[in-house]
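Examination of the molecular architecture
Here are the chains, one letter per residue:
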Amino acid sequence: MSYDLFRAEIDDGFPRLERLFEQAKQDFWNDSTAIDWSQPLTLGPDERRAMAKILSLIYYGERAALEVSAQLVPLVDDEQAKFVLACQVIEEAKHVSAFRRLLKKLDDIHPANPWVRRVLTDLVETKHASYKLVGMQLIVENIANQLFHIIHDHVEDPLIRKVLEYVGRDEKKHTGLAVLYLPKILKKVGFVESHMLWAKQIYWTFCVSQAIWDHRREAAALGIDIQQGLRKGIAAQDHLVEQMGIRRGIFKSKTLEGIVLKMYDRDRKKRGSWTPHPSGTSSRS
Ligand SMILES: [Fe+2]
Ligand SMILES: [Fe+2]
């Protein structure tokens, strides 16, 4: 690590990260008081269980994001990146706390899906800042963010929507960190590490896609087309990469989309078709 704790100079190489730090401080919210936890849920018992299963996926992701963002503070060299990551640590702690409350109110915290367990374990255990930033900030945070939007658009429960609004606003800043800081990290990635990073992205995307596929019935019960959600997630990831302006070690979204869609087509043939429940009472569709 080249970080010199005792240098006298002030880091100012990342003014946009400084602005993101300011934004994070302005957006600070208290999950205990910002949300009225006494309000009743408006979902039926089946929908509550389906929602709890899907949000349990998110819950373990939030826990991993808390670990990974804390691990990244000493792994990055630039002070302004550390500022943003330090804000992310407290934000992820609030997300874990908020989902813990919401899941207990909905139904229960369901055991971790094996595919989610694989990808999150990998991201927590890797020693590479580049893997953590690409895997967590760019892939997992982005997919979670897309899921929040889709659930928010389909489920009218005020409590769930309020939680997703607060958490989603923070998650946008976390993918923002990837856009602003990953280019510097990726420029330093060598030949071997960049190829390992490609292989890892296939593995992580496959795991995330499998985990989401495993929840297709719960999603359908809530009127959500999860395959479309995943497609949107990949498109959003491509948009983030475009803003980064560097592709070293990063897969093109078309490649990822091809992998994901092939897998879905294969499973669809094997296990039969599935569509969102047309009479889902919480659905607008
Ligand atoms: Fe989070
Ligand atoms: Fe996050």
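As a reminder, the structure under discussion sits directly above these lines.
One structure accompanies this document, and this report is about it.

Conventions adopted
Residues numbered from 1 in each chain as written. Chains lettered and ligands numbered in written order. Predicted model: local features only at pLDDT ≥ 70, side-chain atom pairs only at ≥ 80, totals over all residues. Heavy atoms only, no water. Helix = DSSP H or I, 4+ residues; strand = E, 2+ residues; numbered from the N terminus. Contact = heavy atoms within 4.5 Å. Core = buried A, V, L, I, M, F, W, Y, C linked by side-chain atoms within 4.5 Å. Buried < 20%, exposed > 50% of the residue type's maximum accessible area, 1.4 Å probe, protein only. 1 Å grid on protein atoms, 1.4 Å probe; cavity = no way out; pocket = protein on both sides within 12 Å on 5 of 7 lines; lining within 4 Å. Points joined across faces, edges and corners; volume = space filled by probe spheres on them. Nonpolar A, V, L, I, M, F, W, Y, C, P; charged D, E, K, R; others polar. Donors = N, O, S within 2.8 Å, 3.2 Å for Na, K, Ca; no water. Tetrahedral: all angles 85-135°; square planar, octahedral: opposite > 155°, others 65-115°.

Considerations on the environment of A34
For A34, the position within the fold is in the loop between α1 (15-26) and α2 (45-75). Sequence spacing of A34 and V163 is 129 residues, and the spatial spacing of their C-alpha atoms is 9.2 Å. When neighbours within four sequence positions are excluded, A34 is seen to be in contact with W29 and Y166.

Here we look at the nonpolar core
Counting residues in each nonpolar core, the largest one holds 85 residues, and the members touching the most others are F99, L102 and I160. Beyond its immediate chain neighbours, meaning those up to four positions away, F99 contacts L55, I58, Y59, E62, F148, V163, L164 and V167.

Notes on empty space enclosed by the protein
Applying the stated criterion across every chain yields a total of four cavities of 30 Å³ or more. Estimated volume of the largest cavity: approximately 250 Å³. In terms of lining, the largest cavity is formed by 19 residues, of which the most central are L57, I58, G61, V140 and A144. Elements represented by at least two residues in the lining of the largest cavity include exactly α2, α4 (114-125), α5 (129-154) and α7 (191-213). Tallying contributions element by element places α5 first for the lining of the largest cavity, with six residues. Grouping the amino acids of the lining of the largest cavity by side-chain chemistry returns 14 nonpolar, one polar and four charged.

Describing the coordination of the iron ion (ligand 1)
Listed as protein donors to the iron ion (ligand 1) are E62 (OE), E92 (OE), H95 (ND1) and E171 (OE); their distances from the metal cover 1.9 to 2.2 Å. The coordination sphere of the iron ion (ligand 1) comprises four donor atoms, whose angles at the metal cover 91 to 150°; the geometry is irregular. Every donor residue of the iron ion (ligand 1) comes from the same chain, spaced as E-x29-E-x2-H-x75-E. The distance between the iron ion (ligand 1) and the iron ion (ligand 2) comes to 3.1 Å, and E92 binds to both of them. Of the two residues, E62 sits in helix α2 while E92 sits in helix α3 (residues 79-106), which places them 30 residues apart along the sequence. When sorted by exposure, E62 lands in the same class as E92, which is buried.

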